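Listed below, chain by chain, are the residues.
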Amino acid sequence: MTGVVPPTIEKPKTVIGVGVRELAILGVGLLLGLLVVISTMSLIPKVAVTALIVGLAALLALGRAPTTGKTFEEHFIDIIRFYTRSRFLQRGTSGERELRRAVEQPAYSAADIEKVFERQAARGVVKVRPLPLNWGGLFGVVSLAFLLALLAWIWGGGLEELLVMLGVNLR
């Protein structure tokens, strides 16, 4: 295909294969998570909120759009640009003999984008694969936060209290 714009991919600028942008977002996420940890909340909400903050920071820092390989900011700006464009309907301007073209397939697949990341990460010591910047990635972060909160509840004695309340004796 000629005239196809390749996906925009940042080159890693550090030894571990991530750039300054990723390190800054992860640093801010870890700092906010640390502030939640030292807050006066109880243990279970503290674990859940910290996991959400750090997980969302990791998703924003390392996430890429599956079809284009764009970062969150670039993808978000594209969405805003799409919905704020001027819309108008043109009929009859193309001529009768020109037929409507078939919809083209995306020029790059997710596997092609991952290959580019693997080539770039091969220069660093640690290989970092992009996270999926979609609803599946968000669901993964929320699920992990829920599971960590559940484990904190079990560790804090919540399961024993529930079993006593239900009248179940394990001894």
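The structure we're discussing is the one just above.
These numbers were taken from a predicted model, which means no experiment stands behind them.

Q: It is not clear to me how the packing of helix H1 (residues 20-37) against helix H2 (residues 43-62) should be interpreted in this structure. Could you clarify?
A: In a pair of packed helices, the angle between the axes and the distance between the axes together describe the arrangement. For the pair H1 and H2, the least separation of the axes is 8 Å and the interaxial angle reads 175°. Put simply, H1 runs roughly antiparallel to H2. Contacts from Arg21, Glu22, Ile25, Leu26, Gly29, Leu30, Leu32, Gly33, Val36 and Val37 in H1 reach Lys46, Val49, Thr50, Ile53, Val54, Ala57, Ala58, Leu60, Ala61 and Leu62 in H2. Split by residue class, the contact of H1 with H2 holds 14 nonpolar, 3 polar and 3 charged.

Q: Got a minute to help me understand the pattern of salt bridges in this structure?
A: When their charged atoms lie close together, side chains carrying opposite charge are able to pair. Tallying each qualifying case throughout the model produces 5 salt bridges. Residue Asp78 is joined to Lys70 by a salt bridge in which the shortest nitrogen-to-oxygen separation is 2.3 Å. A relative accessible area of 26% places Asp78 in the partly exposed class. What you see here is one network of salt bridges that share partners, running through Arg21, Glu22, Arg64 and Glu73.

Q: What should I look at first to understand the packing of aromatic side chains in this one?
A: Note on aromatic pairs: each is described by the distance of the centres and the angle between the planes. As enumerated under the stated definition, the model contains 2 aromatic pairs in all. Ring geometry for Phe72 versus Phe76: centroids 5.8 Å apart, planes at 15°, classification stacked. On the criterion of helical spacing, the pair formed by Phe72 and Phe76 is a turn pair, its members being 4 residues apart in helix H3 (residues 72-83). Overall, the relative accessible area of 32% leaves Phe72 in the partly exposed class. With a centroid separation of 5.1 Å and an interplanar angle of 75°, the aromatic rings of Phe82 and Tyr83 are classed as edge-to-face. Of the residues examined, Phe82 reaches a relative accessible area of 44% and is grouped as partly exposed. It is Arg85 that lies over the ring of Phe82; its NZ or CZ is 3.9 Å from the centre.

Q: What's the story with the environment of Trp153 in this structure? I'm lost.
A: Looking at the element boundaries, Trp153 is found in helix H5 (residues 135-155). On the accessibility criterion, Trp153 (29% relative accessible area) is partly exposed. Once the C-alpha coordinates of Trp153 and Pro45 are considered, the two residues, 108 residues apart in sequence, prove to be 9.5 Å apart. Excluding anything up to four places from it in sequence, Trp153 contacts Ile44, Gly158, Leu159 and Leu162.

Conventions adopted
Residues numbered from 1 in each chain as written. Predicted model: local features only at pLDDT ≥ 70, side-chain atom pairs only at ≥ 80, totals over all residues. Heavy atoms only, no water. Axes fitted to C-alpha atoms, helices over the stretch in contact; angles between N-to-C directions. Helix = DSSP H or I, 4+ residues; strand = E, 2+ residues; numbered from the N terminus. Parallel < 35°, antiparallel > 145°, perpendicular 65-115°, else oblique. Contact = heavy atoms within 4.5 Å. Nonpolar A, V, L, I, M, F, W, Y, C, P; charged D, E, K, R; others polar. Salt bridge = Lys/Arg side-chain N within 4 Å of Asp/Glu carboxyl O. Buried < 20%, exposed > 50% of the residue type's maximum accessible area, 1.4 Å probe, protein only. Phe/Tyr/Trp six-rings, centres within 6.5 Å; stacked < 30°, edge-to-face > 60°. Lys NZ or Arg CZ within 6 Å of the ring centre and 35° of its normal.

Keep in mind these numbers describe shape, not what the thing actually does.
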